Amino acid sequence: MKSYDVVYLDNNQRKTAQITANSSEEIKSRFLQEGYLVMQIKPRKTLREKRFPLNLFIQELVALLEAGLVITEAIEALQASSREPHIRNVYDKLLEKLYQGNQLSSAMAVLPTVFPALLLNTVASSEQTGHLPVALKRFQHYEQRMETLRKRIKATLLYPTIVMSAGGLILFFLLGFIIPRFAQVFDGMKNPSGSARFILWWGKLVEQHGTLLLAGTFAGITGLVLFFRNPQVRLMLLHLLLKLPQLRSQYQLTILVRFYRTLGLLLQGGLPAPQALNLTRSVLPVSHHMQLQQVLEGVSAGQTLSATLESQQLTTPIASRLLQVGEHSGELPTMCERIAAFYDEALERAIETFSKIFEPILMMIVGGIVGMVVFLLYMPIFELAGGLS
């Protein structure tokens, strides 16, 4: 979640607001649904960008609360043990609100870029029941599971990135240094073959315009990096990739894992289903917001959660059956967590299968390109050796 400064029009009046969201596209979608015209969105540099250790804060706070300290004493102890200025600043603002008689959730709400909305609502619901340490442990477990999912996906993408980078460096070395050296060897051939003529042409091109080619290569790489960092380009590429049925199903699994794990966390905290569903909007992509809105309207109208989720394709037959069991037994939060664990295992199997299939194919492609260049280099030598024999 990031913080943005938003400039928008409300009844032809220019207004500004500070909004926390996953992306600028999410903010645009949210304001358009409310009937506002967005004029400008700027990322805001906040305390969270200085990496406030949220997980460590929760862990230490739980330990102090379980030891018998009240919330104000626990925050004071954390403040005394902190040496980083930006971390002490967070504790100062929390203590300021707590000294004024506010509850912890209200104090955290002052820093929306440090404490996410899920944590605020988890803490607020626990303040009504008096089980704050339990709620904080539940949120910490949720964060650990989501971080595990993110690391698993990043690790899957890391190997192909390394292989393609290594292949690109080898290809750059062959084209920039090895082929020009071979061109000097083939320069005296009377009847050069096609591969020899290509080597001679490329060698002269590097010799005459090497600096320009090097600058163009780096400019092209920089342009590609900036191009792919554009959110609209990423969204377009995602739509293209999702046309593949297998990738589309795994992407849907990733969404469902986050959705059900977040929903289960909020329901376990005692929030009513409509409010919990509304808060899960932040973990869903913008493309699914309309479906979630239909679910909210259906639940508010008295329909069962399992039926509305099934009608909006936010579940599967197995998950729908588990939801029905949870609704009849009163264990809906537990069933949501079970569904998330079920999807998590299915996603892990899919990632493992993808790695086993894609990684060898990628190695073959990169190795084939490098091998083709090497073969191109040695083909004229083989021809010369054949002529001498």
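K.L.:
Is there a simple way to explain the pattern of salt bridges in this structure?
P.N.:
Think of it this way: side chains of opposite charge can pair up when their charged atoms draw near. Here the structure, examined in full by the defined rule, presents four salt bridges. A salt bridge links E66 to K137, with the shortest nitrogen-to-oxygen separation between them at 2.6 Å. Taken together, the residues E66 in helix α2 (residues 54-66) and K137 in helix α7 (residues 132-185) connect sequence positions 71 residues apart. On the accessibility criterion, E66 (49% relative accessible area) is partly exposed. Among the ionic pairs, R261 bridges to E337, the shortest N-O distance being 3.5 Å. With a gap of 76 residues between them, R261 in helix α10 (residues 245-268) and E337 in helix α15 (residues 332-388) connect regions that are remote in the sequence. Taking relative accessible area as the criterion, R261 reaches 2% and is therefore assigned buried. E337 gets classed as partly exposed once you look at its relative accessible area, which sits at 22%. Among the charged side chains, a network of salt bridges with common partners joins R261, E337 and D344.

K.L.:
So what exactly am I meant to see when it comes to unusual backbone geometry here?
P.N.:
Trans peptide bonds make up the majority, and among non-glycine residues the majority have a negative phi. Even without a glycine there, the phi angle at Q313 is positive, about 60°. Among the residues examined, Q313 registers a relative accessible area of 61% and is labelled exposed.

K.L.:
Explain the packing of aromatic side chains to me, please; I cannot follow it from the model alone.
P.N.:
How two aromatic rings sit relative to each other is set out by the distance from centre to centre and by the angle between their planes. Per the counting criterion, the structure on display carries 12 aromatic pairs. For the pair F52 and F115, a centre-to-centre distance of 5.9 Å together with 70° between the ring planes defines the contact as edge-to-face. With a gap of 63 residues between them, F52 in the loop between β3 (37-43) and α2 and F115 in the loop between α5 (104-108) and α6 (117-129) connect regions that are remote in the sequence. Exposure class is identical for F52 and F115. Each is buried. Note on W201 and W202: the rings are 6.0 Å apart at their centroids and 55° apart in plane angle, and the pair reads as tilted. Members of the aromatic cluster, joined through ring pairs, are F52, F57, Y91 and F115.

K.L.:
Help me understand the confidence of the model for the protein, please; the structure alone is not making it clear to me.
P.N.:
Segments scoring low in pLDDT should not have their predicted coordinates read at a detailed level. On average, residues of the protein score 81 in pLDDT, and 94% of them reach the 70 mark or higher. When the elements of the protein are averaged for pLDDT, strand β2 (residues 13-21) gives the smallest value, 74, and helix α3 (residues 71-81) the largest, 89.

K.L.:
What is the right way to look at the side chain of D344 in this model?
P.N.:
For D344, the location among the structural elements is in helix α15. For D344, a relative accessible area of 3% gives the class buried. If sequence neighbours within four positions are ignored, D344 has contacts with R145, L149, R152, V257 and R261.

K.L.:
Is there a simple way to think about the nonpolar core in this case?
P.N.:
For soluble globular proteins, nonpolar side chains are generally found buried alongside one another. Judged by nonpolar contacts, the single largest core of 66 residues is most densely connected at F57, L61, F115 and Y260. The biggest single contributor to this core is α10, with 10 residues. If we skip the residues at most four places from it in the chain, F57 touches F52, I75, L78, Y91, L94, M108 and F115. In terms of nonpolar packing, the next biggest core, distinct from the first, is built from 12 residues, I179, F186, I199 and V370 among them.

K.L.:
Mind showing me how you'd approach the packing of α7 against helix α8 (residues 194-229) here?
P.N.:
Two quantities define a packed helix pair, namely the angle between the axes and the distance from one axis to the other. Contact geometry of α7 with α8 gives a least axis separation of 8 Å together with a crossing angle of 145°. As α7 packs across α8, the resulting crossing turns out to be left-handed. Facing F172, L175, G176, I179, P180, F182 and A183 of α7, the residues of α8 in contact are I199, L200, W202, G203, V206, L214 and T217. For the contact of α7 with α8, the residue count by class is 11 nonpolar, three polar and no charged.

K.L.:
In this structure, what is going on with α2? I would like to understand it.
P.N.:
Since there are 3.6 residues in each turn of an α-helix, residues three or four apart along the chain are aligned in direction. The terminal C-alpha atoms of α2 lie 18 Å apart, and with 13 residues this matches the ideal 18 Å at 1.5 Å per residue to within 8%. Taken together, the buried positions of α2 are L54, F57, I58, L61, V62 and L65. The buried side chains of α2 occupy one side of the element, clustering within an arc of 130° when seen end-on. At the C-terminal side of α2, G68 shows a positive phi close to 110°.

K.L.:
It is not clear to me how the environment of E66 should be interpreted in this structure. Could you clarify?
P.N.:
In sequence terms E66 and L171 are 105 residues apart; their C-alpha atoms lie 59 Å from each other. Not counting the four nearest positions on each side in its chain, E66 is found in contact with P133 and K137. Engagement of the side chain of E66 in a polar contact is seen with the side chain of K137, the distance being 2.6 Å.

K.L.:
Help me understand the side chain of T122 in this model?
P.N.:
With respect to the secondary-structure elements, T122 resides in helix α6. Classification of T122 as buried rests on a relative accessible area of 2%. When residues no more than four places from it in sequence are discounted, the contact partners of T122 are A135, F139, L265 and L266.

Rules and cut-offs
Residues numbered from 1 in each chain as written. Predicted model: local features only at pLDDT ≥ 70, side-chain atom pairs only at ≥ 80, totals over all residues. Heavy atoms only, no water. Salt bridge = Lys/Arg side-chain N within 4 Å of Asp/Glu carboxyl O. Helix = DSSP H or I, 4+ residues; strand = E, 2+ residues; numbered from the N terminus. Buried < 20%, exposed > 50% of the residue type's maximum accessible area, 1.4 Å probe, protein only. Phe/Tyr/Trp six-rings, centres within 6.5 Å; stacked < 30°, edge-to-face > 60°. pLDDT = per-residue confidence, 0-100. Contact = heavy atoms within 4.5 Å. Core = buried A, V, L, I, M, F, W, Y, C linked by side-chain atoms within 4.5 Å. Axes fitted to C-alpha atoms, helices over the stretch in contact; angles between N-to-C directions. Left-handed = near helix turned anticlockwise from the far one by under 90°. Nonpolar A, V, L, I, M, F, W, Y, C, P; charged D, E, K, R; others polar. Expected span 1.5 Å × (residues − 1). Arc of directions from axis to C-beta. Polar contact = N/O pair within 3.5 Å; in protein donor to acceptor, adjacent residues only side chain to side chain.

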